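So you can see what is in the structure, the chains are spelled out below.
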Amino acid sequence: MKRERKLILTNPATGETFREFSYHTIEESISKIKTAEKEQGNWKQTSVSHRIAIIQDAMDYFRDNTDLIAKDITLQMGKPISQSESEIKSMLHRADIMCSLAEDALSETFLQKIDGYNRFIHREPLGVVFNIAAWNYPLLIAVNIVIPAILAGNTVIIKHSSMTPVCASHFEDAFTSARAPAGLVSSLILDHKTTENIIQRGLIHHVSFTGSVNGGRKINQCAKNQFIDVNLELGGKDPAYIRNDSDLESSIPSIMDGVFY
């Protein structure tokens, strides 16, 4: 009998295991993606105002469950609970801002008439957006893709870091609580091989990845024959330069706080 593969979450502060998940198989993943693709055909016909209303209802889930979600973030990746709570507030603010910009950003842009032609730019959604999110800001990084994608008429599949998969589940639960259509926002727990397989098969229409440089290279390689856009935000450490005339009592603590934050 084939052994079921598990994703085991460990509290970085104590080393204790607190959750276990089974990885989604390629067959389970395809089923979810097909549901998302089917729904996208309906979702792209909805008005921007309707999309905003669904998003606002979904964000209420995060407001109503702040304590639970903040605890989940801290247990998974170890940031202080105060920073987890702050991330939720920042995410909600960011979602509100993006919703406020949507009507204008997505409206048609009319250009100057030339020789009797009416010229304009009409924006079309991409389809199913595959959001591969990182662990260090598990809500802020994901929301940067989820909200604009939905506002523009796409559906979203979230594959979160193996350190923070519960955050992807919270996004799915949030849109379920808002009575969003099935497949609008879905989460998958995937290993690297299955993630690469999904992209190589051409099952999705856009990939957004936040993570390591090596991970970005693999994602780019997997997508090269699919004629889809790949958005990569790749990690690293920013250098710091301290001038001779700097106030070291102020600058050194600020730099160290920035490195660890």
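The model shown is predicted, which means the values in this text are computed figures rather than measured ones. (Residues numbered from 1 in each chain as written. Predicted model: local features only at pLDDT ≥ 70, side-chain atom pairs only at ≥ 80, totals over all residues. Heavy atoms only, no water.)

Enquirer: Could you give an account of the overall build of the chain, with specific residues and numbers?
Expert: When helices and strands are tallied, the chain shows 9 helices and 9 strands. Taking 2.2 N^0.38 as the reference for a compact globule, 261 residues should give roughly 18 Å; the C-alpha atoms of the chain span a radius of gyration of 20 Å, in line with that estimate. For the C-alpha atoms alone, the extent of the chain along its principal axes is close to 65 × 65 × 40 Å. Buried residues in the chain amount to 41% of all 261 residues. The long-range share in the chain, meaning contacts at least 24 apart out of those at least 6 apart in sequence, stands at 67%. Accessible surface for the chain amounts to roughly 15100 Å². Of this, 50% is attributable to carbon and sulfur atoms. (Helix = DSSP H or I, 4+ residues; strand = E, 2+ residues; numbered from the N terminus. Rg over C-alpha atoms; globule rule 2.2 N^0.38 Å. Buried < 20%, exposed > 50% of the residue type's maximum accessible area, 1.4 Å probe, protein only. Contact = heavy atoms within 4.5 Å. Areas by Shrake-Rupley, 256 points an atom, 1.4 Å probe, with all protein chains shown as cover.)

Enquirer: Help me get a handle on the side chain of N131, residues and values and all.
Expert: You can see N131 is positioned in strand β5 (residues 128-133). Dropping the residues within four chain positions of it, N131 is found in contact with A142, I145, V146, V156, I157, I158, K159 and S208.

Enquirer: Please set out the layout of surface pockets residue by residue, giving values where relevant.
Expert: Of the voids in this model, the largest pocket is the one considered here, and its volume is about 1100 Å³. If you go around the largest pocket, you meet 40 residues; those closest to its centre are A134, W135, N136, G211 and S212. Residue assignment for the lining of the largest pocket shows that the elements contributing at least two residues are β5, α5 (140-151), α7 (192-200), β8 (206-211), α8 (213-223), β9 (229-234) and α9 (248-260). Looking at which element gives the most residues to the lining of the largest pocket, the answer is α8, with 4 residues. (1 Å grid on protein atoms, 1.4 Å probe; cavity = no way out; pocket = protein on both sides within 12 Å on 5 of 7 lines; lining within 4 Å. Points joined across faces, edges and corners; volume = space filled by probe spheres on them.)

Enquirer: Describe in detail unusual backbone geometry, supporting the description with residues and values.
Expert: One non-glycine residue, D115, lies in the positive phi region at around 50 degrees. Position of D115 relative to the elements: it lies in the loop between β3 (109-110) and β4 (120-121).

Enquirer: Before we move on, can you summarise the pairing of strand β7 (residues 185-188) with the specific residues and values?
Expert: Here β7 shows a buried face lined by V185 and S187 and a second buried face lined by S186 and L188. As for the winding sense of the linkage, the β-α-β connection from strand β6 (residues 155-160) through helix α6 (residues 165-177) to β7 is right-handed. (Right-handed = clockwise from strand over helix to strand, strands pointing away.)

Enquirer: Just give me the short version of the state of the cysteines, but keep the residues and values in it.
Expert: Under the criterion given, the structure shown has 0 disulfides. Residue C167 stays outside any disulfide, its sulfur separated by 20 Å from that of C99, the closest cysteine. (Disulfide = S-S within 2.5 Å.)

Enquirer: Before we move on, could you go through a nonpolar patch on the surface and cite the residues and values that matter?
Expert: On the surface, I242, L248, I252, M256, V259 and F260 cluster together into a nonpolar patch covering about 560 Å² of accessible area. Relative to the helices and strands, I252 resides in helix α9. (Patch = residues over 30% accessible without salt bridge, like charges linked within 9 Å, V, L, I, M, F, W, Y side chains within 5 Å. Salt bridge = Lys/Arg side-chain N within 4 Å of Asp/Glu carboxyl O.)

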